[in-house]
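Fold and geometry: a report
So you can see what is in the structure, the chains are spelled out below.
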Amino acid sequence: MEQLKEIEKIETDVLIIGAGVAGMIAAEGAMRCGTVPAVITKGTYASGSSSMARGGHSIAIGHSSPDDNPEIFFEDTLKGGYGLNNPRLAHIMCHEATDRTLELDSWGLGLAKTDDGRFDQKQGAYPHRFARLVHCGRLMGKPLMAALSNKTKGDGVEPLQHVMLVDLLKDGDRVVGAWGFRYREGIPVVIHARSIILSTGGAPQIHALNDSPPTITGDGYAMALNAGAELVDMEFLDYQMMTAAPKKLAGYPPHASGFLNEGGFLLNKDGERFMKRYDPEKMEQSTRSLLNRAVAIELFEGRGTENNAVCIDIRHVFDEANEGASGELIAMFKKSGVDMENAFLEVTSGPHTYLGGVKIDEWGRTTVPGLYAGGEAAGGIHGANRLGGAALIDSYVFGLRSGITAACDSRHTDQPDPESGDWQSHIESLQERYHRKETSLTPDEWRLQVQEEIIINIGQVRSADRLQAGLEKMDTLEHAFDEIGVGGDTVRQRCDNLRKMYETKKIIQVARMLGTAALHRNESRGGHFRLDFPEQDDKNFLANIVLYAKNGTLNYELRPVPSLTDTAPPPPDVISTAAQVA
């Protein structure tokens, strides 16, 4: 059997784990402070869920209406979050999103503009009071990733690609690095850094059917928990509609919100517009959390199609929908056998973005010294439900802030001892797992077992007995990590299986956080629905659930929502977050 290669050791001031939108903008923030970071990605550069971005992002620049402004956007964001947003984070996001947008457009994003040079803004779903969605006139993902990749590489970033960082290294209470391996070459990797930023995205792979790249597996949440950090709002996911049929398109993100905003209908197998049961006033213009809850309940109660789906019907508004970004999708669906001018599109609901995440302050600091987070890896910004077009601006704003803070703090932190963090024992464990003989249960089969159990008992439609059963099953399934073997005839094949094993263990950790928080929120609110507690309970649960590990046990606390005025101090030598546009 071919052996793993010699250990690659890296020392840097700032380490950024993840190279999606938040990671790349974090790199820009660090470089503005004079620090070129080490950027590590499990995929290619650039990568992440933002590559699948559809319609655009929301800003309150007032180009659609002079009456709109960031304070009104902030009010709408708090309303959409069902009262659980950290108001300091939400306020900063709503105010600084415009600066980040101006920069991105100057870097080549190519946002659509009106004849007089203003941004063309489209109306988003409730509770957006004004048209705020800026867009490219086509799908946003590719031009966004290209603009950021070109900008960061041009400014000096030399990313390390196809590296699975398994966990963080600690020296005392401080995070000092991370360890993992290059899974294509079979090279163990040990990195020491003064500051580490988690920009690892969410955890869509908790469900087999999702709309994100297969390597987005909740790594940052698990790494932060293992390092002693607190996480917040982990019971709240932003579920989104995704294609259910034909099979070759299963999981493809159809930009359902775009179709519904154009006037499309949601129908169950009986042809009924079922939103009348859940929001008879706003119907398909309801909040995204209530729309997806409704889809989940319709399927749970047996009113789905034979593909376990509901239908989007745009036949009556086809001409309006067949413009802009939606037109590209309509053409693609027609090539794949779904003619939306004359037929329904079958969709189901699955995880899109995680609303909870690592608990941060307004400068991206976590509760562990040396550790920062931004983008979907961080929690607290959106509360129990996210407004349309807010996922990207969250990543823009707190990606930059985490990069600035990590770089500023690194100047006042000693470089860690390259022998610190007990990395030797971790690499020995990696070596041992690499040499395990293949077993009857494969890493892919184990992953599917875990995902199926999560869908059954820790999915969208929840109850105490199902959540408890799911948590117990996670404990049982986790034992396979110490038993499963590694198949493959080459280093690359064996290391790819190793990667999948470590990822699935992290998915189990995320499922445990999700299930624990959901079990202790005895109400229904936003993206969290309990069959046994179907009503919202502001008296007892207008508060955040915070999770942390202690002595190997997952603990929870119900804490008051933070105050807008209880601010954290900026880092030393902090620079301005204002837009830098020539």
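Look up: the structure comes first, before these words.
Here the residue index of a chain counts from 1 through its sequence in written order. Per-residue local features of the predicted model are confined to residues with pLDDT of at least 70, and side-chain atom pairs are confined, for both listing and counting, to 80 or more; whole-chain, interface and lining totals are unaffected and use all residues. Based on all heavy atoms of the structure, the side-chain values leave hydrogens and waters out of the count.

A few points about the environment of Glu453
How we decide: Where helices and strands are cited, they refer to DSSP runs of H or I of at least four residues and of E of at least two residues respectively, numbered from the N terminus. For every residue, the accessible area obtained with a 1.4 Å probe (protein chains only) is divided by the maximum for its type, and the residue is called buried under 20%, exposed over 50%, and partly exposed between those limits. Working rule for contacts: check all heavy atoms of both residues, and any pair within 4.5 Å makes them a contact. Here a polar contact is taken to be a pair of N or O atoms separated by no more than 3.5 Å, where protein atoms must pair a possible hydrogen donor with a possible acceptor and residues adjacent in sequence count only if both atoms sit in side chains.
Take Glu453: it is sitting in helix α12 (residues 443-457). When its relative accessible area of 12% is taken as the criterion, Glu453 is described as buried. C-alpha separation for the pair Glu453 and His207, spaced 246 residues apart in sequence, amounts to 9.3 Å. Among residues more than four places away in sequence, those in contact with Glu453 are Ile458, Ala469, Gly470, Lys473, Met474 and Leu477. For Glu453, the side chain forms a polar contact with the side chain of Asn457, separated by 2.6 Å.

Concerning the packing of helix α3 (residues 87-106) against helix α10 (residues 390-410)
Put simply, the rule is: Axis angles are defined between N-to-C directions and span 0 to 180 degrees, where every axis is a line fitted to C-alpha atoms and, for a helix, only to the segment in contact. Angle categories are assigned with fixed cut-offs, so that under 35 degrees is roughly parallel, over 145 is roughly antiparallel, 65 to 115 is roughly perpendicular, and the rest are oblique. Amino acids are sorted into nonpolar (Ala, Val, Leu, Ile, Met, Phe, Trp, Tyr, Cys and Pro), charged (Asp, Glu, Lys and Arg) and polar (every other residue, Gly among them).
Put simply, α3 and α10 touch, their axes get as near as 8 Å, and they point 90° apart. Here α3 lies roughly perpendicular to α10, going by the angle between them. Taking contact as the criterion, the partners of Leu89, Ile92, Met93, Glu96, Ala97, Arg100 and Leu104 in α3 are, on α10, Ala390, Ile393, Asp394, Tyr396, Val397, Phe398, Leu400 and Arg401. The class makeup of the residues in the contact of α3 with α10 is 11 nonpolar, no polar and 4 charged.

Points about the sheet that holds strand β5 (residues 131-134)
Backbone hydrogen bonds are what pair the strands of a sheet, in a parallel or an antiparallel way. Applied cut-off: Strand pairing follows a simple DSSP-based rule, namely that at least 2 bridges must link the two strands.
If you trace the 3 strands from one edge of the open sheet to the other, you get β3-β5-β4, paired in antiparallel fashion. Where the open sheet ends on each side, the last strands, each with one partner, are β3 (57-58) and β4 (121-123).

Overview of helix α1 (residues 21-32)
The condition is simple: One fewer than the residue count of a helix, multiplied by 1.5 Å, yields its expected span.
Helix length check: α1, at 12 residues, gives a terminal C-alpha distance of 17 Å against a target of 16 Å (1.5 Å per residue), a fit within 8%. Buried residues belonging to α1 abut β1 (8-17), β2 (38-40), α3, α4 (141-154), β8 (187-198) and α10. Residue Gly34 follows α1 closely and has a positive phi angle near 90°.

Observations concerning the packing of aromatic side chains
The condition that has to hold: Centre distance within 6.5 Å is the pairing criterion for rings of Phe, Tyr and Trp, where only the six-membered ring of Trp is used; planes under 30 degrees apart are then read as stacked, over 60 as edge-to-face, and the remainder as tilted. In this scheme, Lys NZ or Arg CZ marks a charge over a ring once it lies within 6 Å of the ring centre and within 35 degrees of the ring normal.
One pass over the full model with this rule turns up 7 aromatic pairs. The interplanar angle of 85° and the centroid separation of 6.4 Å between the aromatic rings of Phe274 and Tyr278 together place this pair among those described as edge-to-face. When sorted by exposure, Phe274 lands in the same class as Tyr278, which is buried. What links up through ring pairs into an aromatic cluster is the set Trp179, Phe181, Trp446, Phe481 and Tyr502. Here Arg273 stacks its cationic end above the ring of Phe265, 3.8 Å away from the centre of that ring. The positively charged end of Arg499 is found above the aromatic ring belonging to Tyr183, 5.0 Å away from the centroid.

Remarks on the pattern of salt bridges
Note the following rule: What makes a salt bridge here is a side-chain nitrogen of Lys or Arg within 4 Å of a carboxyl oxygen of Asp or Glu, nothing more.
Applying the stated criterion to the full structure yields 42 salt bridges. One salt bridge connects Arg100 with Glu103, and the closest N-O pair in it is separated by 3.0 Å. A residue pair is termed a helical-turn pair when its members lie 3 or 4 positions apart in one helix, as Arg100 and Glu103 do in helix α3 at 3 residues. Across the pair, Glu103 and Arg100 agree in class, each one buried. Here Arg559 and Glu230 are joined by a salt bridge, their closest N and O atoms 2.8 Å apart. With a gap of 329 residues between them, Arg559 in strand β20 (residues 553-560) and Glu230 in the loop between α5 (219-226) and β9 (231-232) connect regions that are remote in the sequence. Salt bridges linked by common partners bring Lys42, Asp219, Arg447, Asp496, Arg499 and Glu503 together as one network.

Observations concerning the side chain of Glu376
Worth spelling out the cut-off: In this tally, Lys and Arg are treated as positive and Asp and Glu as negative; His is ignored, and so are the chain termini.
Structurally, the position occupied by Glu376 is in the loop between β15 (371-373) and β16 (378-379). Buried and unpaired, Glu376 has Arg386 as its nearest opposite-charge partner, separated by 7.7 Å. Setting aside anything within four residues of it in sequence, one finds Glu376 in contact with Gly201, Gly202, Ala203, Tyr221, His352, Thr353, Tyr354, Gly356 and Ser395.

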